[in-house]
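Chain residues, written in single-letter form:
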Amino acid sequence: MHHNDLPEGDPRHDITDLFVFQSSEDRARTAVILNVHPELTPAADPVDARVSYELKFDLDGDLEADLAFHILFNRAGDGRWGASVLRSTGPDARGTGRIGASFFHGVAVSDGHLADIAEEQGHRLFAGPRSDPFFADRDGFANGMQWTGRDYFADKDVFSIALEIPNDSLAGESRIAVWARTVGLSSQHVLNQAGRPGNNVFRPEPEVFQTVGPAQQREHYLDRYAQNFRAMGYTEAEAMGLAKDWVPDVLSYDCTESAGFPNGRRPTDDVVATAVEILTRAPLLASARIPAHSDLLPRFPYLGAPHHL
């Protein structure tokens, strides 16, 4: 639900979705998928070599990163894109850009229907265009929830970065926090940030909010979120309870459980129904629900082949 929340910005920096879930192939592994570039077309550059695409993990509950993967892209002489990954831990994980140990280097970005997968030190990496897994009646949602029954995203593509991680790397608190961001390499300015799906529906000061880290989000915005929920008719206690669920903008995840959202998020989780229920204070009728996409894969990298090449 973060699609197009950079309407004036570069779509290559625009995070559409973040998914974190237990691997269907091995319960001792976790899949993390970061999608960018809504409505990607074959003519468009899929990523930006001037940007760091980052996955952050808080393992001890202080809302500061303890583990990070920074994915960088460059175009080779033959015109093909390559991906490299830097991995950092401890205080270094809080930084940005070219920090950490080289993990994957020069992995070819997939440019066809087949998914090229690289393996390194027990991790797997995929990068390339894929079918957008997000499903929603976007037009109905935008038009006062006058549902059309049409899945706007059914034929859309995104650029996907998928990483599979051994759960041993995520050892810490039983529940960890995960978020993603795109950051300018030279400016070190956060361009976009996302965690919990639908957060942008409720957040105050969206342009500022998405540039600060989770710890600062909770410190400065918790009361503002509660105020927004009170204005929707929730009691003080209900509003504060919802605010604590929605700020900071991270995915809470327990790698020992296979259940989906709000335990991480799977591509099949109906997060639109969750947002609608909060906005309307009533469940979304079954007749108004859009089904998950049928082109999802049962194994890594999980997302279907792109529609447009």
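Small disclaimer: the values here were computed from a predicted structure and weren't measured.

Caption draft 1: The arrangement of unusual backbone geometry in detail. With an omega of 10 degrees, the peptide bond running from valine 247 to proline 248 counts as cis. On the secondary structure map, proline 248 appears in the loop between helix H5 (236–246) and strand E12 (251–253). Phi angles above zero are rare outside glycine, and leucine 63 is one such case at about 65 degrees. Of note, the phi angle at methionine 145 is positive, near 60 degrees, even though the residue is not glycine. Counting through the fold element by element, methionine 145 comes out in the loop between helix H1 (138–142) and strand E9 (157–166). Take methionine 145: its relative accessible area is 21%, and that puts it in the partly exposed class.

Caption draft 2: Seen up close, the pairing of E9. With respect to burial, E9 is a largely interior element, ten of its ten residues being buried. Burial along E9 is two-sided: Asp157, Phe159, Ile161, Leu163 and Ile165 facing one way and Val158, Ser160, Ala162, Glu164 and Pro166 facing the other are all buried. Pairing of strand E2 (residues 29–36) with E9, which is carried by eight bridges, proceeds in the antiparallel orientation. Paired with isoleucine 33 across the two strands is alanine 162, which belongs to E9. One ladder, built from eight bridges, connects strand E8 (residues 123–131) with E9; its direction is antiparallel. Counterpart to alanine 127 in the pairing with E9 is isoleucine 161.

Caption draft 3: Representation of the packing of aromatic side chains within the structure. All told, the structure shown has 15 aromatic pairs when counted by the stated rule. Where phenylalanine 229 meets tyrosine 234, the ring centres are 6.3 Å apart and the plane angle is 90 degrees; that geometry is what we call edge-to-face. Here phenylalanine 229 and tyrosine 234 have matching classes, each one buried. Note on phenylalanine 300 and tyrosine 302: the rings are 6.4 Å apart at their centroids and 85 degrees apart in plane angle, and the pair reads as edge-to-face. Every member of this aromatic cluster is reached through a ring pair, and the members are Phe57, Phe69, Phe103 and Phe104. In this arrangement the basic side chain of lysine 156 is found over the ring face of tyrosine 152, its NZ or CZ atom lying 4.1 Å from the centre.

Caption draft 4: Representation of the packing of helix H4 (residues 214–231) against H5 within the structure. The contact between H4 and H5 brings their axes to 8 Å, and the two run at 135 degrees. The angle between the axes of H4 and H5 places the two elements in the oblique class. Judged by the twist between their axes, the crossing of H4 over H5 is right-handed. Along its contact with H4, which presents Arg218, Leu222, Asp223, Tyr225, Ala226, Phe229 and Arg230, the element H5 presents Glu236, Ala239, Met240, Leu242, Ala243, Lys244 and Trp246. Residues belonging to the contact of H4 with H5 are distributed by class as follows: nine nonpolar, no polar and five charged.

Caption draft 5: Region of the structure containing the sheet that holds E8. The strand order E1-E2-E9-E8-E7 describes an open sheet built from five strands, whose pairing is antiparallel. Strand pairing shows two members of the sheet lacking a second neighbour, strand E1 (15–22) and strand E7 (118–120), which therefore form its edges. Neighbour-to-neighbour, the strand axes of the sheet open up by a mean angle of 15 degrees, direction not taken into account. Alignment of E1 against E2, held across seven bridges, turns out to be antiparallel. Residue pairing in the sheet places phenylalanine 21 in a bridge with alanine 31 of E2.

Caption draft 6: Spotlight on the layout of surface pockets. The space that makes up the largest pocket amounts to roughly 400 Å³. Around the largest pocket, the lining comprises 17 residues; the ones closest to its centre are Ala177, Arg218, Lys244, Val250 and Ser252. Listing elements by their share of the lining of the largest pocket, those giving two or more residues are strand E10 (176–184), H5 and E12. By residue class, the composition of the lining of the largest pocket is nine nonpolar, two polar and six charged. The computed volume of the second largest pocket comes to approximately 310 Å³.

Caption draft 7: Fine view of the nonpolar core. Ranked by internal contacts, the top residues of the largest apolar core, which has 50 residues, are Tyr53, Leu55, Phe57, Phe69, Phe73 and Phe159. Here phenylalanine 69 is in contact with Tyr53, Glu54, Leu55, Phe57, Val85, Leu86, Arg87, Phe103, His123, Leu163 and Ile165, once residues within four sequence places are set aside. Listed in part, the 15 residues of the second largest apolar core include Ala226, Leu242, Ala243 and Val247.

Caption draft 8: H4, seen in detail. In a regular helix each residue adds 1.5 Å, so 18 residues correspond to 26 Å; H4 covers 24 Å between its end C-alpha atoms and thus fits that length. Along H4, the sharpest change in direction is near 60 degrees and occurs at tyrosine 221. Those residues of H4 that fall on the buried side of the exposure criterion are Pro214, Ala215, Gln217, Tyr221, Leu222, Tyr225, Ala226 and Phe229. Where H4 ends, the next residue or the one after it, glycine 233, has phi of about 105 degrees, a positive value.

Conventions adopted
- Residues numbered from 1 in each chain as written.
- Predicted model: local features only at pLDDT ≥ 70, side-chain atom pairs only at ≥ 80, totals over all residues.
- Heavy atoms only, no water.
- Helix = DSSP H or I, 4+ residues; strand = E, 2+ residues; numbered from the N terminus.
- Buried < 20%, exposed > 50% of the residue type's maximum accessible area, 1.4 Å probe, protein only.
- Pairing = 2+ DSSP bridges.
- Phe/Tyr/Trp six-rings, centres within 6.5 Å; stacked < 30°, edge-to-face > 60°.
- Lys NZ or Arg CZ within 6 Å of the ring centre and 35° of its normal.
- Axes fitted to C-alpha atoms, helices over the stretch in contact; angles between N-to-C directions.
- Parallel < 35°, antiparallel > 145°, perpendicular 65-115°, else oblique.
- Left-handed = near helix turned anticlockwise from the far one by under 90°.
- Contact = heavy atoms within 4.5 Å.
- Nonpolar A, V, L, I, M, F, W, Y, C, P; charged D, E, K, R; others polar.
- 1 Å grid on protein atoms, 1.4 Å probe; cavity = no way out; pocket = protein on both sides within 12 Å on 5 of 7 lines; lining within 4 Å.
- Points joined across faces, edges and corners; volume = space filled by probe spheres on them.
- Core = buried A, V, L, I, M, F, W, Y, C linked by side-chain atoms within 4.5 Å.
- Expected span 1.5 Å × (residues − 1).
- Bend = angle between axes of the 7 residues up to and from the residue.

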